[in-house]
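Okay, here's what each chain looks like letter by letter:
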Amino acid sequence: MSWTEIVIEVARVHAEALSDALMEAGALSVSVEDADEGTEAEQPLFGEPGMEPKQAAWEHSRVVALTDVDADQAAIVAEAAQAIRLPNAPTFTLRPVAEQDWVRLTQSQFAPIHIGKNIWVVPSWHEAPDPSGLILELDPGLAFGTGSHPTTRLCMEWLEAHPAPGQTVLDYGCGSGILAMVASKLQAGSVSGVDIDPQAIESARQNAERNQCVIDFFLPDAFATSAHAGQRFDIVVANILSSPLKLMAPMLSGRVAPGGALILSGVLARQAEEVAEAYAPFIKLGVWAEQDGWVALHGRLGSDTVPPARIAGE
């Protein structure tokens with residue numbers, strides 16, 4: 001099957017309403033782009049986590065609607081314009097979309113990811129580059145965490161650099177379960193994962209089963225009433241964002257066993273000091289490593305000193 005895209009350039013004030021109207025008029029999907037992309041007038045719309053701009057489109061927006069090749073594109077545009085009471089139907093251009101093997105095209109965009117010294121995250125359609133490594137079979141999905149983001153990589157590298165056979169591990173904000181699986185494959189004694197998103201919990205359970213990892217995953221309320229209620233762990237890792245991490249300082253610190261380690265990420269380098277300050281009454285944290293402007297913080301409960309940072313190249 002082939003398709004045709006309708007391309008319309010509009011002001012920001014009309015972009016969202018026009019997108020909805022095009023869907024109602026028969027478009028299969030609609031996206032909004034920066035019409036000035038690639039020029040000096042290009043505008044970055046999305047900021048850092050927690051600092052996203054409120055506008056839903058660009059000042060000069062390009063609305064792209066996908067339709068069946070045999071659809072009446074002019075009628076779709078006219079109906080959408082009338083629905084949002086535009087005085088005149090906007091001008092538009094058409095772009096053919098050739099038939100492709102979309103599954104194969106999507107899969108080609110995800111290759112195995114090498115992390116740390118010996119960890120490989122491998123999509124199910126690839127062979128593991130190094131079968132002797134620590135292999136995680138993980139396909140891109142709705143739950144956060146495939147190892148491509150610096151915060152996930154930093155936490156994985158910390159776990160690899162601090163193997164703890166037989167110890168207990170808590171992955172709070174587990175997403176896809178990738179950090180919990182790394183801990184399990186590094187021979188942790190027992191591993192638990194917690195996330196507020198039911199879809200993430202379901203995804204994490206499926207991923208753990210696929211990778212033959214025995215891990216208990218919970219929503220927060222279920223975790224609080226489980227056999228793990230009140231348990232303190234040898235290693236607690238939380239890869240979330242700085243604001244919730246600061247709010248959860250008493251709770252996460254309270255989950256660390258005496259002498260145990262706490263690892264935090266999802267923190268920008270400029271936020272490291274304020275996050276460490278939030279945990280200072282409970283545990284001293286320092287930057288373990290930094291990557292692409294993100295850091296991982298770590299510390300041990302009961303230690304009066306901040307652990308040293310990783311030396312580059314270790």
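What counts and what doesn't
Residues numbered from 1 in each chain as written. Predicted model: local features only at pLDDT ≥ 70, side-chain atom pairs only at ≥ 80, totals over all residues. Heavy atoms only, no water. Helix = DSSP H or I, 4+ residues; strand = E, 2+ residues; numbered from the N terminus. Buried < 20%, exposed > 50% of the residue type's maximum accessible area, 1.4 Å probe, protein only. Contact = heavy atoms within 4.5 Å. Areas by Shrake-Rupley, 256 points an atom, 1.4 Å probe, with all protein chains shown as cover. Core = buried A, V, L, I, M, F, W, Y, C linked by side-chain atoms within 4.5 Å. Arc of directions from axis to C-beta. pLDDT = per-residue confidence, 0-100.

As a further point, take the overall build of the protein. Helix and strand content of the protein: ten helices and 14 strands. Put simply, the protein has 314 residues, and 44% of those count as buried. Within the protein, contacts between residues separated by at least 24 positions form 63% of all contacts whose residues are at least 6 apart in sequence. Accessible area of the protein: about 16300 Å², with a carbon and sulfur share of 52%.

Let us now look at the nonpolar core. Residues Val-121, Leu-136, Met-156, Ile-215 and Phe-217 are the most contacted members of the largest nonpolar core, which totals 37 residues. Examining the composition of this core, we find that six residues originate from one element, helix H5 (residues 178-185), more than from any other. If sequence neighbours within four positions are ignored, Phe-217 has contacts with Cys-174, Gly-177, Ala-180, Gly-193, Ile-201, Ala-204, Arg-205 and Ala-208. Membership of the second largest hydrophobic core comes to 25 residues, among which are Val-194, Ala-249, Val-267 and Tyr-279.

On to helix H2 (residues 73-83). Structural remark: α-helix, 3.6 residues per turn; residues separated by three or four positions point the same way. Within the span of H2, buried status applies to Gln-73, Ile-76, Val-77, Ala-80 and Ala-81. Take H2 and look down its axis: the buried residues cluster within an arc of 130°, on one side only. Pointing more than 90 degrees away from the buried face of H2 are the exposed residues Gln-82 and Ala-83. As for H2, its buried residues are in contact with strand E1 (3-11), helix H1 (12-24), strand E3 (60-68) and strand E4 (93-97). One or two steps after H2, the chain reaches Arg-85, where phi turns positive at roughly 60°.

For the rest of this paragraph, the subject is the confidence of the model for the protein. On average, residues of the protein score 87 in pLDDT, and 86% of them are at 70 or above. Segment residues 46-54 is flagged for pLDDT under 50; beyond a separation of four residues in sequence, or across chains, it makes ten contacts in the model.

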